[in-house]
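Residue-level structural notes
So the chains spell out like this:
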Amino acid sequence: QLQAFGGGLVQAGGSLRLSCAASGRTFSSYHIGWFREAPGKEREFVAAISWSGGSLSYADSVKGRFTISRDNAKNTVYLQMNSLKPEDTAVYFCAGTSRVWLGLGVHGREYDYWGQGTQVTVSS
């Protein structure tokens, strides 16, 4: 089970750190991805991290501003979001997959487990 939290309201240029906490012993063997869904838009990929933390992937829209990391000892994946823009406003979801042989997925269908979302609102 995955649970995302840490969202909130922040001004443009500000920062937030989202956390994705997991229960269960197999978390360290899962790739984890972050996705977001803005009103009226389709869910889009944000970032992903491999089970070991050795491979990372980012959407072009967040590259250089967001950083994904994980602490397997704490069963937690983080998304540090800096230089936030109003267009980053969305509900953010974390997702996991044990199909690690497929590499880091950028599509929702490549993930099997989803947490509830956390709202991020960036004001201009």
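Before going into details, it helps to say that this report is about the structure given with it. (Residues numbered from 1 in each chain as written. Predicted model: local features only at pLDDT ≥ 70, side-chain atom pairs only at ≥ 80, totals over all residues. Heavy atoms only, no water.)

1. Some points on the overall build of the protein
A tally of helices and strands in the protein yields zero helices and 11 strands. In sequence order, the secondary structure elements of the protein are arranged as β-β-β-β-β-β-β-β-β-β-β. For the protein, the spread of C-alpha atoms along the principal axes amounts to about 40 × 25 × 25 Å. Here the protein holds 124 residues, and 43% of them are scored as buried. (Helix = DSSP H or I, 4+ residues; strand = E, 2+ residues; numbered from the N terminus. Buried < 20%, exposed > 50% of the residue type's maximum accessible area, 1.4 Å probe, protein only.)

2. Here's the deal with the nonpolar core
Residues Trp34, Leu79, Met81 and Tyr92 are the most contacted members of the largest nonpolar core, which totals 34 residues. Within the residue set of this core, elements represented by two or more residues are strand E1 (2–5), strand E3 (16–22), strand E4 (31–37), strand E5 (44–49), strand E7 (66–71), strand E8 (76–81), strand E9 (90–97) and strand E11 (118–123). At five residues, E5 tops the list of elements feeding residues into this core. With near-sequence residues (within four places) excluded, Leu79 lies in contact with Leu16, Arg17, Leu18, Trp34, Val46, Ala47, Phe66, Thr67, Ile68 and Tyr92. (Core = buried A, V, L, I, M, F, W, Y, C linked by side-chain atoms within 4.5 Å. Contact = heavy atoms within 4.5 Å.)

3. What to know about the pattern of salt bridges
Counting across every chain of the model gives six salt bridges. Here Arg36 ties to Glu44 by a salt bridge, and the two come within 2.6 Å at their closest N and O atoms. Judged by its relative accessible area of 34%, Glu44 is partly exposed. Residues joined by salt bridges that share partners form a network here, namely Arg36, Glu44, Arg65 and Asp88. (Salt bridge = Lys/Arg side-chain N within 4 Å of Asp/Glu carboxyl O.)

4. With respect to the sheet that holds E3
Strands sit in the order E1-E3-E8-E7 across an open sheet of four strands; the sheet is antiparallel. Two strands bound the open sheet, and with one partner strand each, they are E1 and E7. Adjacent strand axes in the sheet meet at a mean angle of 15° when their direction is disregarded. Looking at chain direction, E1 and E3 are connected through four bridges and run antiparallel. Note on E3: the bridge partner recorded for Phe5 is Ser19. (Pairing = 2+ DSSP bridges. Axes fitted to C-alpha atoms, helices over the stretch in contact; angles between N-to-C directions.)

5. Re the packing of aromatic side chains
Counting across every chain of the model gives four aromatic pairs. Ring plane angle 15° and centroid distance 5.5 Å describe the contact between Tyr30 and Tyr113, whose orientation is recorded as stacked. In this pair, Tyr30 is assigned in the loop between E3 and E4 and Tyr113 in strand E10 (residues 113–114), connecting sequence segments 83 residues apart. The class of Tyr30 is buried, set by a relative accessible area of 15%. In this structure Tyr113 comes out as partly exposed when scored by relative accessible area, which is 38%. Consider the rings of Phe35 and Tyr111, whose centres lie 5.4 Å apart with planes at 75°: the pair is edge-to-face. Taken together, the residues span a long stretch of sequence, with Phe35 in strand E4 and Tyr111 in the loop between E9 and E10 at a distance of 76 residues. Of the two residues, Phe35 and Tyr111, neither departs from the other in class, the shared state being buried. Here the aromatic cluster, defined as three or more aromatic residues joined through ring pairs, consists of Phe35, Phe45, Tyr111 and Trp114. The ring of Phe93 carries the charged tip of Arg43 above its face, separated from the ring centre by 4.2 Å. (Phe/Tyr/Trp six-rings, centres within 6.5 Å; stacked < 30°, edge-to-face > 60°. Lys NZ or Arg CZ within 6 Å of the ring centre and 35° of its normal.)

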